[in-house]
Amino acid sequence: MYDFHTKALDRTFDEILFLTNIRKKPEAKSILESEMPNDDNHRNLVSAQPVIAAPAPGEVVKAETELSIAQLFAQRSAMAGKVVSVRGKVLKVSNNILGKTWVTLSDGSGVAPDNVLRVTTLQEVEIGATLAATGTVKTDIDLGMGYAYKVVLEDATFSR
């Protein structure tokens, strides 16, 4: 499973395997490969979210008052603590993580890994929608367990 949360440990694992048996045999690998869906499909089945393609450069049209994701990453030090607006396509929504909804936005700008922005909110957000997010810029966030972000837009509100 992906993004598995355990209440007992109060921890979310990126990926966890529940196994009843492990064998080291050549045929075991081929059986697993034939029965397991590819990563994108498996993630889709587990999270029940559609797989959304990132927008092409120029596909998301932002307002003059909005920053592109590339601009936000480039100016992150100067923007830290400020309220900004960014427009992007919602690629993923993870509900109730640390008491908030985590949204992954892309606007077709930037170069990986600085081409997607994590946004926290209390609003319900539709996957695949193109929305403006307005929130406070936080930089160099390390949540532990491998979750570290150069930029997060916190406590955002979303609008069309």
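Worth saying up front: this structure is predicted, and the values here are computed from it rather than measured.

Novice: Before we go on, may I ask you to explain the pattern of salt bridges in this structure?
Specialist: Close approach of charged atoms allows side chains of opposite charge to pair. Using the criterion set out here, one finds five salt bridges in the structure. The partner of Arg 87 in a salt bridge is Glu 66, with the nearest N and O atoms 3.0 Å apart. Of the two residues, Arg 87 is situated in strand E3 (residues 83-97) and Glu 66 in the loop between helix H2 (39-47) and helix H3 (69-74); the sequence distance between them amounts to 21 residues. Glu 66 carries the same exposure label as Arg 87, and that label is buried. Asp 114 is the salt-bridge partner of Lys 150, the closest N and O atoms lying 3.1 Å from each other. Within this pair, whereas Lys 150 is found in strand E7 (residues 147-159), its partner Asp 114 is found in the loop between strand E4 (100-106) and strand E5 (117-121), the two being separated by 36 residues in sequence. Under the relative-accessibility criterion, Lys 150 is labelled partly exposed at 36%. Here Asp 114 falls in the buried class, since its relative accessible area comes to 18%.

Novice: What should I look at first to understand the packing of aromatic side chains in this one?
Specialist: Given two aromatic rings, their pairing is described by the distance between the two centres and the angle made by the two planes. As enumerated under the stated definition, the model contains one aromatic pair in all. With 5.9 Å between their ring centres and 35° between their planes, Trp 102 and Tyr 149 make a pair best called tilted. Placement of Trp 102 in strand E4 and of Tyr 149 in strand E7 is noted, with a sequence separation of 47 residues between them. Like Tyr 149, Trp 102 is buried.

Thresholds applied
- The residue numbers shown here count from 1 along each chain, following its written sequence.
- Predicted model: local features are reported for residues with pLDDT of at least 70 only, side-chain atom pairs are reported and counted for 80 or more only, and whole-chain, interface and lining totals are derived from all residues.
- Side-chain numbers here rest on the full set of heavy atoms in the structure, without hydrogens or water.
- By definition, a salt bridge exists where a carboxyl oxygen of Asp or Glu is found within 4 Å of a side-chain nitrogen of Lys or Arg.
- What counts as a helix is a DSSP run of H or I of at least four residues, what counts as a strand is a run of E of at least two, and both are numbered from the N terminus.
- The rule is simple: take the accessible area with a 1.4 Å probe, protein chains only, and divide by the maximum for that residue type; under 20% is buried, over 50% is exposed, in between is partly exposed.
- Each pair of aromatic rings taken from Phe, Tyr and Trp, with Trp reduced to its six-membered ring, is defined by centres within 6.5 Å and is described as stacked if the planes are under 30 degrees apart, edge-to-face if over 60, and tilted in the remaining cases.

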